[in-house]
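# Close look at the chain arrangement
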Protein chains: 2
Amino acid sequence: MTIPSDLDISRATALKPLEDVAAQLGLGAHLLEPYGRTVAKISLDALEELPERPTARYVVVSAITPTPLGEGKTTTTVGLGQAMRHLGKRSAIAIRQPSMGPTFGIKGGAAGGGYSQVVPMEALNLHLTGDMHAVTSAHNLLAAMLDNHLHKGNALGIDPHRITWRRVLDVNDRDLRTIVTGLGGRADGTPRQTGFDITAASEVMAVLALSTSLQDLRRRLGRIVVGYTHDGEPVTAEQLRAAGAMAVIMREAIKPNLMQTTENTPVLVHAGPFGNIAHGNSSVVADRIASRGADYLVTEAGFGADMGAERFFNIKCRTSGLRPDAAVLVATVRALKAHSGRYEVVAGKPLPAAMLEENPDDVLAGADNLRKQIDNIRLHGVPPVVAINAFPTDHPSEHDAIREVAEAEGARVTVSNHFLEGGKGAVELAEAVVAAAEEPNDFQLLYPDSADLRSKIETIATKVYGAAGVSYQPAAARALADYEANGYGTLPVCIAKTHLSLSSDPTLLGAPTGWTLPVREVRASVGAGFIYPICGDMRTMPGLGSHPAAESIDIDDRGQITGLS
Amino acid sequence: MTIPSDLDISRATALKPLEDVAAQLGLGAHLLEPYGRTVAKISLDALEELPERPTARYVVVSAITPTPLGEGKTTTTVGLGQAMRHLGKRSAIAIRQPSMGPTFGIKGGAAGGGYSQVVPMEALNLHLTGDMHAVTSAHNLLAAMLDNHLHKGNALGIDPHRITWRRVLDVNDRDLRTIVTGLGGRADGTPRQTGFDITAASEVMAVLALSTSLQDLRRRLGRIVVGYTHDGEPVTAEQLRAAGAMAVIMREAIKPNLMQTTENTPVLVHAGPFGNIAHGNSSVVADRIASRGADYLVTEAGFGADMGAERFFNIKCRTSGLRPDAAVLVATVRALKAHSGRYEVVAGKPLPAAMLEENPDDVLAGADNLRKQIDNIRLHGVPPVVAINAFPTDHPSEHDAIREVAEAEGARVTVSNHFLEGGKGAVELAEAVVAAAEEPNDFQLLYPDSADLRSKIETIATKVYGAAGVSYQPAAARALADYEANGYGTLPVCIAKTHLSLSSDPTLLGAPTGWTLPVREVRASVGAGFIYPICGDMRTMPGLGSHPAAESIDIDDRGQITGLS
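About the cut-offs
- Residues numbered from 1 in each chain as written.
- Chains lettered and ligands numbered in written order.
- Predicted model: local features only at pLDDT ≥ 70, side-chain atom pairs only at ≥ 80, totals over all residues.
- Heavy atoms only, no water.
- UniProt positions renumbered as here; feature names shortened; annotations may be inferred.
- Helix = DSSP H or I, 4+ residues; strand = E, 2+ residues; numbered from the N terminus.
- Rg over C-alpha atoms; globule rule 2.2 N^0.38 Å.
- Buried < 20%, exposed > 50% of the residue type's maximum accessible area, 1.4 Å probe, protein only.
- Contact = heavy atoms within 4.5 Å.
- Areas by Shrake-Rupley, 256 points an atom, 1.4 Å probe, with all protein chains shown as cover.
- Lys, Arg positive; Asp, Glu negative; His and termini not counted.
- Charge placed at Lys NZ, Arg CZ, Asp CG, Glu CD.
- Pairing = 2+ DSSP bridges.
- Axes fitted to C-alpha atoms, helices over the stretch in contact; angles between N-to-C directions.
- Parallel < 35°, antiparallel > 145°, perpendicular 65-115°, else oblique.
- Nonpolar A, V, L, I, M, F, W, Y, C, P; charged D, E, K, R; others polar.
- Buried area = accessible area lost by both parts, 1.4 Å probe.
- Salt bridge = Lys/Arg side-chain N within 4 Å of Asp/Glu carboxyl O.
- Least-squares fit on C-alpha atoms with pLDDT ≥ 70 in both.
- Polar contact = N/O pair within 3.5 Å; in protein donor to acceptor, adjacent residues only side chain to side chain.
- Core = buried A, V, L, I, M, F, W, Y, C linked by side-chain atoms within 4.5 Å.
- Domains from an automatic or database assignment.
- pLDDT = per-residue confidence, 0-100.

Per an unreviewed UniProt entry, chain A goes by Formate--tetrahydrofolate ligase and derives from Saccharopolyspora hordei. Within the UniProt record for chain A, the comment given under Catalytic activity (unreviewed entry) is "(6S)-5,6,7,8-tetrahydrofolate + formate + ATP = (6R)-10-formyltetrahydrofolate + ADP + phosphate". Turning to chain A, the UniProt annotation filed under Pathway (unreviewed entry) states: "One-carbon metabolism; tetrahydrofolate interconversion."

## Focus on the overall build of chain A
Each helix and strand in chain A was counted, giving 20 helices and 25 strands. Radius of gyration (C-alpha) of chain A: 23 Å, near the 24 Å computed for a compact globule of 565 residues. Taking all 565 residues of chain A together, the buried fraction comes to 65%. The contacts in chain A between residues at least 6 apart in sequence include a share of 76% that link residues at least 24 apart. For chain A, the exposed area adds up to about 18600 Å²; of that, 48% sits on carbon and sulfur atoms. Taken as two groups, the 52 positive and 63 negative side-chain charges of chain A have centres that lie 5 Å from each other.

## Remarks on the sheet that holds strand β12 (residues 225–229) of chain A
Residues and elements named next belong to chain A. If you walk across this open sheet you meet the three strands as β7-β12-β13, and the pairing is antiparallel. The strands lining the two open edges of the sheet, one partner per strand, are β7 (158–163) and β13 (234–236). Across the sheet, the mean angle from the axis of one strand to that of its neighbour is 50°, orientation sign disregarded. Taken together, the two bridges between β7 and β12 define a ladder with antiparallel strand orientation. Each bridged residue has a counterpart across the sheet, and for Ile-163 the counterpart in β12 is Gly-227. Seen against the sheet, helix α7 (residues 131–151) touches β7 and β12 and runs at an angle of roughly 130° to β7.

## Observations regarding the packing of helix α4 (residues 73–86) of chain B against helix α18 (residues 427–438) of chain B
All names here are of chain B. Interaxial distance between α4 and α18 falls to 8 Å at its minimum, and their mutual angle equals 80°. On the basis of the axis angle, α4 is roughly perpendicular to α18. Here α4 contributes Thr-76, Leu-80, Ala-83, Met-84 and His-86 to the contact with α18, which in turn contributes Val-427, Leu-429, Ala-430, Val-433 and Val-434. Residue composition of the contact of α4 with α18, grouped by class: eight nonpolar, two polar and no charged.

## Brief notes about the interface of chain A and chain B
As a measure of interface size, the accessible area lost when the parts come together is often cited. Listed per partner, the contact involves 72 residues of chain A and 71 residues of chain B. When chain A packs against chain B, the two sides together hide about 6000 Å² of surface, and 59% of this comes from carbon and sulfur. When the area that chain A buries against chain B is broken down by residue, the three leading residues are Arg-174, Asp-175 and Val-248 of chain A, summing to 11%. The tally of links from chain A across to chain B stands at eight salt bridges. Across the salt bridge formed by Glu-551 of chain B and Arg-241 of chain A, the nearest N and O atoms sit 3.6 Å from each other.

## Structural notes on the relation of the copies chain A and chain B
Both copies of the chain are related by a screw-like operation: a rotation about an axis and a shift along it. You can overlay chain A on chain B at an RMSD of 0.0 Å; the transform is a turn of 180° with a shift of 0.0 Å along its axis. Such values leave the two copies arranged in the relation of a two-fold axis. It is Tyr-35 of chain A whose C-alpha, among those of chain A, lies nearest the rotation axis, at 2.0 Å. Interface overlap between copies is the fraction of interface residues in one copy that are interface residues in the other; for chain A against chain B it reaches 99%, indicating a shared surface.

## Structural notes on the side chain of His-127 of chain A
Within the element layout of this structure, His-127 of chain A appears in the loop between α6 (121–125) and α7. A distance of 2.8 Å separates polar atoms of two side chains, one belonging to His-127 of chain A and the other to His-133 of chain A. Other than its neighbours up to four places away in sequence, His-127 of chain A contacts Gln-97, Met-100 and His-133 of chain A together with Ala-134, Ser-137 and Ile-249 of chain B.

## A closer look at the pattern of salt bridges
Summed over all chains, the structure comprises 60 salt bridges over all chains. With a closest N to O distance of 3.0 Å, Lys-372 of chain B and Asp-375 of chain B form a salt bridge. Taken together, the residues span about one helical turn, with Lys-372 of chain B and Asp-375 of chain B both in helix α15 (residues 367–378) at a distance of three residues. Judged by its relative accessible area of 15%, Lys-372 of chain B falls in the buried class. The exposure class assigned to Asp-375 of chain B is partly exposed, which follows from its relative accessible area of 34%. Taken together, the shared-partner salt bridges connect Glu-33, Arg-251, Glu-252 and Lys-255 of chain A into one network.

## Description of the nonpolar core
Formed by 278 residues in total, the largest nonpolar core has its most connected members in Leu-221, Ile-224, Met-250 and Val-386 of chain A together with Ile-224, Leu-370 and Val-386 of chain B. In this view, Ile-224 of chain A contacts Leu-142, Trp-165, Glu-203, Val-204, Val-207, Val-235, Thr-236, Ala-237, Met-246 and Gly-527 of chain A; residues no more than four positions away in its chain are not counted.

## Topic: the UniProt feature "binding site: ATP" (unreviewed entry) in chain A
All names here are of chain A. The residues that UniProt annotates with the feature "binding site: ATP" (unreviewed entry) are Thr-67, Pro-68, Leu-69, Gly-70, Glu-71, Gly-72, Lys-73 and Thr-74. Residue position: Pro-68 is located in the loop between β3 (57–63) and α4 (73–86). Excluding its chain neighbours within four sequence positions, the residues that come into contact with Pro-68 are Val-345, Ala-347 and Leu-500. Within the element layout of this structure, Gly-70 appears in the loop between β3 and α4.

## With respect to the side chain of Arg-334 of chain A
Residues and elements named next belong to chain A. Mapped onto the secondary structure, Arg-334 falls in helix α13 (residues 333–339). With relative accessibility at 16%, the residue Arg-334 sits in the buried group. When neighbours within four sequence positions are excluded, Arg-334 is seen to be in contact with Thr-67, Leu-69, Gly-70, Glu-71, Leu-351, Met-355 and Phe-391.

## Observations concerning unusual backbone geometry
Residue and element names in this part refer to chain A. In this model, Val-119 is joined to Pro-120 through a cis peptide bond whose omega is -5°. A positive phi angle is found at Asn-154, which is not glycine, with a value near 55°. Position of Asn-154 among the secondary structure elements: in the loop between α7 and β7. Overall, Asn-154 belongs to the buried group, its relative accessible area being 18%.

## Structural notes on helix α9 (residues 214–223) of chain B
Summarising burial for α9 of chain B: seven of the 10 residues are buried, a large majority. As for α9 of chain B, its buried residues are in contact with β24 (554–555) of chain A together with α8 (203–210), β13 (234–236), α10 (243–249) and α12 (305–320) of chain B.

## Some thoughts on the environment of Thr-75 of chain A
Residue and element names in this part refer to chain A. As for its placement among the helices and strands, Thr-75 is situated in helix α4. The exposure class assigned to Thr-75 is buried, which follows from its relative accessible area of 10%. Each C-alpha atom, one on Thr-75 and one on Glu-19, is 24 Å from the other, the two residues being 56 residues apart in sequence. Beyond its immediate sequence surroundings of up to four residues, Thr-75 is in contact with Gly-112, Gly-113, Ser-116, His-418 and Phe-419.

## Things to note about the domain arrangement of chain A
All names here are of chain A. Domain boundaries assigned for chain A yield domain 1 (6–129 + 253–438), domain 2 (131–249) and domain 3 (453–534). If you average the C-alpha positions of domain 2 and of domain 3, the two centres end up 24 Å apart. Counting residues at the interface gives 10 residues for domain 2 and 10 residues for domain 3. Across the domain 2/domain 3 interface, buried area totals approximately 750 Å², and carbon plus sulfur atoms make up 49% of it. Counting across the interface, domain 2 meets domain 3 through zero salt bridges. Sort the elements by how many residues they give to the side of domain 2 that touches domain 3 and helix α8 (residues 203–210) lands first, with four residues. The residue inventory of the side of domain 2 that touches domain 3, partitioned by class, reads seven nonpolar, no polar and three charged.

## A few points about the sheet that holds β13 of chain B
Across a sheet, strands are paired by hydrogen bonds formed along the backbone, either parallel or antiparallel in direction. Residues and elements named next belong to chain B. Strands sit in the order β7-β12-β13 across an open sheet of three strands; the sheet is antiparallel. Each edge of the sheet is formed by a strand with only one pairing partner; in this case those strands are β7 (158–163) and β13. Neighbour-to-neighbour, the strand axes of the sheet open up by a mean angle of 50°, direction not taken into account. Sheet strands touched by helix α7 (residues 131–151): β7 and β12 (225–229). Its angle to β7, the strand with the most contacts, is close to 130°.

## Things to note about the pairing of strand β4 (residues 91–95) of chain A
Residue and element names in this part refer to chain A. Of all five residues in β4, five are buried, a share of seventy percent or more. Side chains Ser-91, Ile-93 and Ile-95 of β4 all project onto a buried face; the interleaved residues Ala-92 and Ala-94 project onto the opposite face, where all are buried too. The pairing of β4 with strand β15 (residues 266–269) spans three bridges and is parallel. Residue pairing in the sheet places Ile-95 in a bridge with Val-269 of β15.

## Some remarks on the confidence of the model for chain A
Overall, the prediction assigns chain A a mean pLDDT of 95, with 99% of residues at 70 or greater. Interface confidence for the predicted complex, expressed as ipTM, amounts to 0.96; the pTM equals 0.97.

Rendered as structure tokens:
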């Protein structure tokens, strides 16, 4: 079977007017601000006009621990949202805005794929309505005002060696990871070592995703800590008098973006925080709006359930007050085979040929990862549904193996064919999700605000990751003590570790036990509202490969985009 | 008399639907792509649908050599465009998009002012439709691909010491002027010294302004030279396979943005290239569209007539093929008094009190600058009209002095009161412009393409600037010889010098003679299509002051912007 390219499917979609798409969520046309013909911003006045209480069942889509190729979480999210409409449910989908760095790098776009896509994919993958650029601008204005403060006499007494605020750009550019700024002459600033992260890694992005209103955004921006004084006191964006202007720059960005799928299901695209050093979930504002106009709101959490779903529960839901009704775990034959440890999967390269042969034993050999991720959903009192994302190279016996494992754990499980068939291919999955979501559920946060930071870290490490314990480098231990002293101890924690293993070692597959989580350092996103311990090397600025996707992207004679995927 | 703030006037304006504004230019609603409720992009299909030949008289607004405060050129441009409607002319206005750097720095916004503003001013001064961000993204993707090329083995043999492509951000950030990138480890790139310019200084911005279509944009991007090989051969964006992706990033940015004035006159806002190292004029595409649907198209050229107007004639009109019918020279009492050399005017500080006293002699003492700038318009065969931009602190005798000088030069001259009175205050100016534009005119370029680069430079220096001659540093002479050898000799030249003097020395006021233009180095914007000799220090990345405008900008409890000016 051949299937057209994602770009061709996107282009062949008959788009509905956005007014009609919005009406499906009870949003009147007066609440839409069009950006071009295919995207609209939703005015936050929607929050005044919609019913006060959520009407929607709230479903989060997560995954088993993925291979470097990803396991089709966005595609499943879109397929499930579409399938709900086949069941007569008014559904909405909420996802993150993709970063332009990977679009032109190795990964390509992030609009889902096949017949379960957000369209037009080029609008989603390129600038959208400029929110990502607004984050870049607000972040870098704060950086400029910080360095200007040093240059103009440093009245706040900021220690140049303890500045934590870097700069950001939405591009894969390894040469910006570590730089020295302020060279030249006396008029050209203060020399110091710093660097750029990709915009998705900006705390401003995490703030955008977690704010509940424009006023809340303003307050959170003011609380951002950019560094410390010579006396060890935190210095905030408010003290640098930057937060007001940053909020002005972000005034449109706080409004969620409305798009549609290949089947015209409404999609709210909003914010795109990283999934390791940040919480990896789309915005609270989008979910607050969509949850009050739909029967089912399907949202995606980044990486595996130990990462995105854990933060969805313990950071995003803690902030928004919304309660999830079900969680989908995307599983693939290829990822479970990879968890057997018998194959090596590398991003940007084809799968080893042997992995494509029928082999349910390999699937079973990797199944501990699925078992543990099911357990991670259950820990939060939410019913799990395993979605087997079908690939043309899968064999029925391999799907049966996954089914067997999931059922033995008491989880619902279905095969889903949404890539090739759109919503129709995910109807069974939707039925299982509805059944799960209608069960009474006892959603619970994993830890209370009042627990201290170490106990929060240890709870996640031992209960979710399966670690035997946690070790702290001296700098990490000192930072935790400082943060408790600064009054940040009530914040939730966002543990930055590899997404390629339940452990902090990307080479440990399956469900490793008996290992210790090594906390190398701990940083604070006080504005966004979490503390993030760092376990292992976290790359916050990607590089380009030998043949970046950008090399194949162009316009043709009629001005149409070619080569975007 | 007290007048409300620009922001309050902007907010009190009754906006017309953009469809109605567009209809004034013969543009149907199907050609508009709304971005929010107050700005729309104009589809380039307009070029297919409008009459093939320009219908509009084409008027450029320039100025005498300004003080560091600026002399109200944008305000006059807007006032004149509005006044044309009072005369029953279908008018359109074309201006550059302001940079966000100065908006949050010392200068504030750039929407005109008083009752001659582009509204809403916050849309104009903040992101608009994201064109500036698209330029940033396209520029920095090329930079990342260039450094990636070095990192991946440098197959093209690029000499790291002869890389001319820097990075850009739309922020005033002096610490980014000179940086070292590629530090860290082996995986983090190749250490080298480079820096950031402000986005307005990007060659991609100059390309945007001079392109005649999306295809032309694509070709120009491909011709951008990023550096030289060890053998001295130029290396282009096309060779780095970046130009296609850059064009895709710029695909929406090539469409002009439609806004309106305080009197609902249509304004096309498009591109914002620097006025020293680039040509400082808004886009060719916007003028091509507006000139075919209006009776009068009024556009602004950056800085004094020696700078913006000279490039308007010899770079922009050379590229577009459009012929100007009249040129307005904005003159102010304060600027002519400053040209007397008797006062010091400093940006961000109030005028010296003595300058505000009635003193027509001071005006006459500075009048040589006005005489020379009138001459600079005449050199191109275009009739000049002097617009005295009235300030409340002016005295009638001072206006009379300007009138006397202008009339003695045979130029039309009027006092204009558009800041306080809107279009009504500029009706006399509009009448004078109509009279000038209806004269037969013999517009001519100052030099042919075929002249060599040195003779182009010398023509501008002696005829426009009033220099006695030109001197070349050895590096500049070498570069000119190289460019001729590379086949760039047929390009026009864009001389980068201070805008605060007709000469290259900002302290020489009036109309200095007997001086020599020192060409320190020469660079090439091959994609945009000009060579730029650099005379003096050109700052391409501004810094922030002790109290940046950003410190006073915020949102109020209702989410409204405060403090933006």
